[in-house]
Amino acid sequence: MLGSVILTYVILFFMDPENAKHAVFEGLQVLKMVLPIILVVFFLTGLVNITVDKEKISRHFGKESGMKGWFYAIVAGILSHGPTYVWYPFLQNLREHGAKDSLIFAFLYARAIKIPWIPLMISYFGWVFTLFFSLYIIIGALLQGMIVELIERKKEN
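Residues numbered from 1 in each chain as written. Predicted model: local features only at pLDDT ≥ 70, side-chain atom pairs only at ≥ 80, totals over all residues. Heavy atoms only, no water.

1. Things to note about the overall build of the protein
Phase 1: A tally of regular secondary structure across the protein gives eight helices and zero strands.
Phase 2: For 157 residues, the compact-globule estimate of 2.2 N^0.38 gives 15 Å, and the protein exceeds it by more than 25% at 20 Å.
Phase 3: The contacts of the protein with a sequence gap of at least 6 include a subset with a gap of at least 24, amounting to 75%.
Phase 4: Looking at the protein as shown, the accessible area adds up to about 11000 Å², and 72% of this sits on carbon and sulfur atoms.
Phase 5: For the protein, the centre of its 14 positive side-chain charges and the centre of its 11 negative side-chain charges are spaced 5 Å apart. (Helix = DSSP H or I, 4+ residues; strand = E, 2+ residues; numbered from the N terminus. Rg over C-alpha atoms; globule rule 2.2 N^0.38 Å. Contact = heavy atoms within 4.5 Å. Areas by Shrake-Rupley, 256 points an atom, 1.4 Å probe, with all protein chains shown as cover. Lys, Arg positive; Asp, Glu negative; His and termini not counted. Charge placed at Lys NZ, Arg CZ, Asp CG, Glu CD.)

Shown next, in the form of structure tokens:
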């Protein structure tokens, strides 16, 4: 992938050097914004590898986690920030340590609630709409996770 991107920039540089320079500059600006988030996620992934054992992950996010696992997944999804793709390595690490796919789905779906945007949403749509919209997202996260759990159970049987 990296090679194809570099090749594309080289080709663009020969076709239109000014726009190619602009594209490289814009790409570096995006990298500058995303890099701190990526570093935090890699730090968290490393921290999980070093400090958290498989039993703790299984207890909070594994097959025996119960309602507590659903609660943690939804709350963590709501509190998480940044682009979703930077969370993928961390979630893969949790999955490798025994986290259920259904809770990972619920986490990803619950990310649709963005705490910094809630005041703006209330100002545009009102608190009743914002409250119900957020509740529907939470319900959707739970339903998505439950559907994945049903699919996983059918695969096991």
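Having put the structure on the table, let's press on.
2. Re the nonpolar core
Phase 1: Ile74, Trp87 and Leu91 are the most contacted members of the largest nonpolar core, which totals 21 residues.
Phase 2: Those elements that place two or more of their residues in this core are helix H2 (17–51), helix H4 (66–79), helix H5 (88–96), helix H6 (101–110) and helix H8 (127–156). (Core = buried A, V, L, I, M, F, W, Y, C linked by side-chain atoms within 4.5 Å. Buried < 20%, exposed > 50% of the residue type's maximum accessible area, 1.4 Å probe, protein only.)

3. Some details on the environment of Pro83
Phase 1: Along the chain, the position of Pro83 falls in the loop between H4 and H5.
Phase 2: Judged by its relative accessible area of 24%, Pro83 is partly exposed.
Phase 3: When the C-alpha atoms of Pro83 and Phe61 are compared, they prove to be 22 Å apart, with 22 residues separating the residues in sequence.
Phase 4: In contact with Pro83, other than residues within four places in its own chain, are Val34, Ile37 and Arg111.

4. Quick notes on the domain arrangement of the protein
Phase 1: For the protein, the domain assignment lists domain 1 (1–51) and domain 2 (53–157).
Phase 2: Measuring from the centre of the C-alpha atoms in domain 1 to the corresponding centre in domain 2 gives 28 Å.
Phase 3: Viewed at the interface, domain 2 and domain 1 are joined by zero salt bridges.
Phase 4: Here domain 1 and domain 2 share zero residue pairs in polar contact (both at pLDDT 80 or more) between them.
Phase 5: For the side of domain 1 that touches domain 2, a count of residues per class yields seven nonpolar, three polar and no charged. (Domains from an automatic or database assignment. Salt bridge = Lys/Arg side-chain N within 4 Å of Asp/Glu carboxyl O. Polar contact = N/O pair within 3.5 Å; in protein donor to acceptor, adjacent residues only side chain to side chain. Nonpolar A, V, L, I, M, F, W, Y, C, P; charged D, E, K, R; others polar.)

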